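Coordinate analysis (summary)
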Amino acid sequence: MAEPGSGETASTLTYEQARAELAAVVERLESGGSTLEESLALWERGEELATICQRWLDAARARLTPSDS
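Keep in mind the model is a prediction, meaning the values are calculated, not measured.

**Some words on a negative patch on the surface**
Side chains of Glu37, Glu38, Glu44 and Glu47 sit close together on the surface and give a patch of like negative charge. Looking at where glutamate 47 falls in the secondary structure, it is placed in helix H2 (residues 36-64). Judged by relative accessible area, glutamate 47 falls into the partly exposed class, the value being 43%.

Encoded structure:
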């Protein structure tokens, strides 16, 4: 699993990788003990990972939904 802030992008992360890293980010934020800067960086990475996961889910839904054409 990539460390938060490792810079992996939507084009390199699978859904499972993004979800696992997002869970790790949430766990680190919930555990506390980070500086404000670290917490902000984790939050931003979490937002990015959530967007990546949502894109994967949207693409999967589009494949399962019959087109109207």
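**A short note on the confidence of the model for the chain**
Detailed reading of the predicted coordinates is not advisable wherever pLDDT falls low. Confidence along the chain averages 88 in pLDDT terms, with 83% of residues attaining 70 or more. The low-confidence segment residues 1-5, where pLDDT is below 50, has 14 contacts with residues more than four positions distant or belonging to other chains.

**Brief notes about the pattern of salt bridges**
For the coordinates displayed, the defined rule picks out three salt bridges. The partner of glutamate 21 in a salt bridge is arginine 45, with the nearest N and O atoms 2.8 Å apart. Placement of the pair is glutamate 21 in helix H1 (residues 15-31) and arginine 45 in helix H2, with a sequence separation of 24 residues. The two residues glutamate 21 and arginine 45 agree in class, both being buried. Several salt bridges share partner residues, and in doing so they unite Glu21, Arg45 and Glu48 into one network.

**What to know about the nonpolar core**
Counting residues in hydrophobic clusters, the biggest one holds seven residues: Leu13, Ala18, Val25, Leu42, Leu49, Ile52 and Cys53. Breaking this core down by element, the ones donating at least two residues are H1 and H2.

**A short note on H1**
Between its first and last C-alpha atoms H1 spans 24 Å; for 17 residues at 1.5 Å apiece the expected length is 24 Å, and the two agree. Among the residues making up H1, those that are buried are Ala18, Glu21 and Val25. The arc that holds the buried residues of H1, viewed along the axis, is 70°, so those residues lie on one side. Projecting away from the buried face of H1 at angles above 90 degrees are the exposed residues Glu27, Glu30 and Ser31. Packed against the buried residues of H1 are H2. Following H1 by one or two positions, glycine 32 adopts a phi angle in the positive range, close to 75°.

Criteria and thresholds
Residues numbered from 1 in each chain as written. Predicted model: local features only at pLDDT ≥ 70, side-chain atom pairs only at ≥ 80, totals over all residues. Heavy atoms only, no water. Patch = residues over 30% accessible without salt bridge, like charges linked within 9 Å, V, L, I, M, F, W, Y side chains within 5 Å. Areas by Shrake-Rupley, 256 points an atom, 1.4 Å probe, with all protein chains shown as cover. Salt bridge = Lys/Arg side-chain N within 4 Å of Asp/Glu carboxyl O. Lys, Arg positive; Asp, Glu negative; His and termini not counted. Charge placed at Lys NZ, Arg CZ, Asp CG, Glu CD. Helix = DSSP H or I, 4+ residues; strand = E, 2+ residues; numbered from the N terminus. Buried < 20%, exposed > 50% of the residue type's maximum accessible area, 1.4 Å probe, protein only. pLDDT = per-residue confidence, 0-100. Contact = heavy atoms within 4.5 Å. Core = buried A, V, L, I, M, F, W, Y, C linked by side-chain atoms within 4.5 Å. Expected span 1.5 Å × (residues − 1). Arc of directions from axis to C-beta.

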